[in-house]
Amino acid sequence: FTGTAFGSAAIWQYESLKSRVQTYFEAARADWLDKMRPQKRGDFRKQVNSWWNNLTEGQRTVTGIIAANVFVFCLWRLPGMRRMMFTYFTSNPSSRALCSPMVLSTFSHFSLFHMAANMYVLWSFSSSIVSLLGCEQFIAVYLSAGVISTFVSYVAKMVTGRFEPSLGASGAIMTVLAAVCTKMPEAKLAIILLPMFTFTAGSALKAIIAFDTAGLVLGWRLFDHAAHLGGALFGMWYVTHGHELIWKNREPLVKAWHELRTKNTGKGGG
């Protein structure tokens, strides 16, 4: 799954770069036409476009992820969907469905507070992580983080014999948080309810890892501490080594895709 995610992201980046010049000229032409047309007051579409254009690239990237989480949260509210949601949108090594929940549970929240807290953290770190990795690479890392953190959770549950269902984006978000804190350890952070107290990103990461390690060792059931640790360790590893080993070695795949596209274009008479 991780290989497919990064391979798809590399091809996505290739296609995005290929169409950027065409998009630029189309946007310039659209702006010129907008100036020529009479403007409507209170145009809702224009207001939405203005709001969207004022977002950072990172915020625009995570908007789709947040929308998917909200959609799945609404599905939990439907009584007729409850059995299917427990089967495919919660991760549990004793379930009859093992693989698909490793991805789907990353977008699943039963509690409104749980979802709101996770999405707030994702939104807060979105600009930093996308500036660091780029849109395409970030999506590959986020999806991979969900699967890897769930796999670590599976291993911990098998070892301890506690087969409890888990759900939520916390493991993937821990990857985002750990990646940013590892790359920018001196950045200042604050808790939303206590903005007067600030601390460095490096200190926050150490405290989070210590808390989840204690929770895993002592058997706390506040959170899925194993998934949190798996996500955090993956984020730290990726920005220090994984980027060099995986993303920077994508050239053969992109070259093969380019040759395939060129060959197909030639056959089509383009």
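Since we're looking at a predicted model, the values are computed, not measured.

Student: Could you clarify how one ought to interpret the nonpolar core in this entry?
Tutor: The nonpolar side chains of soluble globular proteins are, as a tendency, buried together. Formed by 46 residues in total, the largest nonpolar core has its most connected members in Ile-65, Met-119, Leu-122, Ile-129, Phe-138, Tyr-142 and Tyr-238. Of all the secondary structure elements, the ones that give two or more residues to this core are helix 1 (2–36), helix 3 (57–76), helix 6 (112–133), helix 7 (135–160), helix 8 (170–183), helix 9 (201–218) and helix 10 (225–245). Counting residues per element, this core draws most heavily on helix 8, at 9 residues. Contacts of Leu-122, omitting those with residues within four sequence positions, involve Val-62, Ile-65, Ile-66, Phe-138, Tyr-142 and Ile-173.

Student: Sorry, what's going on with empty space enclosed by the protein here?
Tutor: Empty space among the atoms becomes apparent when a probe as large as a water molecule is rolled across them. For the coordinates displayed, the defined rule picks out 1 cavity of 30 Å³ or more. Surrounding the largest cavity, Ile-129, Leu-133, Phe-138, Val-141, Tyr-142, Ala-145, Ala-172, Thr-175, Val-176 and Ala-179 form its lining. Contributing elements (two or more residues each) for the lining of the largest cavity: helix 6, helix 7 and helix 8. Of the residues belonging to the lining of the largest cavity, the class tally is 9 nonpolar, 1 polar and no charged.

Student: Sorry if this is basic, but what is going on with the environment of Arg-77 here?
Tutor: Mapped onto the elements of the fold, Arg-77 is located in the loop between helix 3 and helix 4 (82–88). According to the relative accessible area criterion, Arg-77 is partly exposed, its value standing at 37%. Sequence spacing of Arg-77 and Phe-110 is 33 residues, and the spatial spacing of their C-alpha atoms is 8.4 Å. Within the local environment of Arg-77, its side chain forms a polar contact with the backbone oxygen of Phe-73, the two atoms lying 3.4 Å apart.

Student: I tried to follow the UniProt feature "transmembrane region" (unreviewed entry) in the protein on my own but got confused; where do I start?
Tutor: Taking the UniProt record as the reference, the feature "transmembrane region" (unreviewed entry) is found at residues 61–78, 98–123, 129–155 and 191–211. What you have in residues 98–123 is 65% helix and 0% strand, and the ends, taken at the C-alpha atoms, are 29 Å apart. The span residues 129–155 shows a helical share of 96% and a strand share of 0%, and its end C-alpha atoms are spaced 28 Å apart.

Student: Would you take a moment to explain the side chain of Glu-136 for this structure?
Tutor: Its location among the elements puts Glu-136 in helix 7. Classification of Glu-136 as buried rests on a relative accessible area of 9%. Sequence-distant contacts of Glu-136, defined by excluding residues within four places in its chain, comprise Ala-9, Trp-12, Gln-13, Ser-16 and Trp-247.

Student: Mind showing me how you'd approach the layout of surface pockets here?
Tutor: Within this model, the largest pocket holds a volume of roughly 1100 Å³. Elements that contribute at least two residues to the lining of the largest pocket include exactly helix 6, helix 8, strand 1 (188–191) and helix 9. In terms of residue count, helix 6 provides more of the lining of the largest pocket than any other element does, 9 residues in total. Considered class by class, the residues forming the lining of the largest pocket number 20 nonpolar, 5 polar and 1 charged. Roughly 560 Å³ of internal volume is contained in the second largest pocket. Considering the residues around the second largest pocket, the lining is formed by 32 residues, among which Lys-157, Ser-166, Phe-223, Asp-224 and His-225 are closest to the centre.

Student: Help me understand the side chain of Ser-166, please; the structure alone is not making it clear to me.
Tutor: Structurally, Ser-166 can be placed in the loop between helix 7 and helix 8. The exposure class assigned to Ser-166 is buried, which follows from its relative accessible area of 12%. Polar contacts involving the side chain of Ser-166 include one to the side chain of Lys-157, which spans 2.7 Å. With residues near it in sequence (within four places) discarded, Ser-166 still touches Thr-90, Ser-91, Ser-105, Ser-153, Lys-157 and Asp-224.

Conventions adopted
Residues numbered from 1 in each chain as written. Predicted model: local features only at pLDDT ≥ 70, side-chain atom pairs only at ≥ 80, totals over all residues. Heavy atoms only, no water. Core = buried A, V, L, I, M, F, W, Y, C linked by side-chain atoms within 4.5 Å. Buried < 20%, exposed > 50% of the residue type's maximum accessible area, 1.4 Å probe, protein only. Helix = DSSP H or I, 4+ residues; strand = E, 2+ residues; numbered from the N terminus. Contact = heavy atoms within 4.5 Å. 1 Å grid on protein atoms, 1.4 Å probe; cavity = no way out; pocket = protein on both sides within 12 Å on 5 of 7 lines; lining within 4 Å. Points joined across faces, edges and corners; volume = space filled by probe spheres on them. Nonpolar A, V, L, I, M, F, W, Y, C, P; charged D, E, K, R; others polar. Polar contact = N/O pair within 3.5 Å; in protein donor to acceptor, adjacent residues only side chain to side chain. UniProt positions renumbered as here; feature names shortened; annotations may be inferred.

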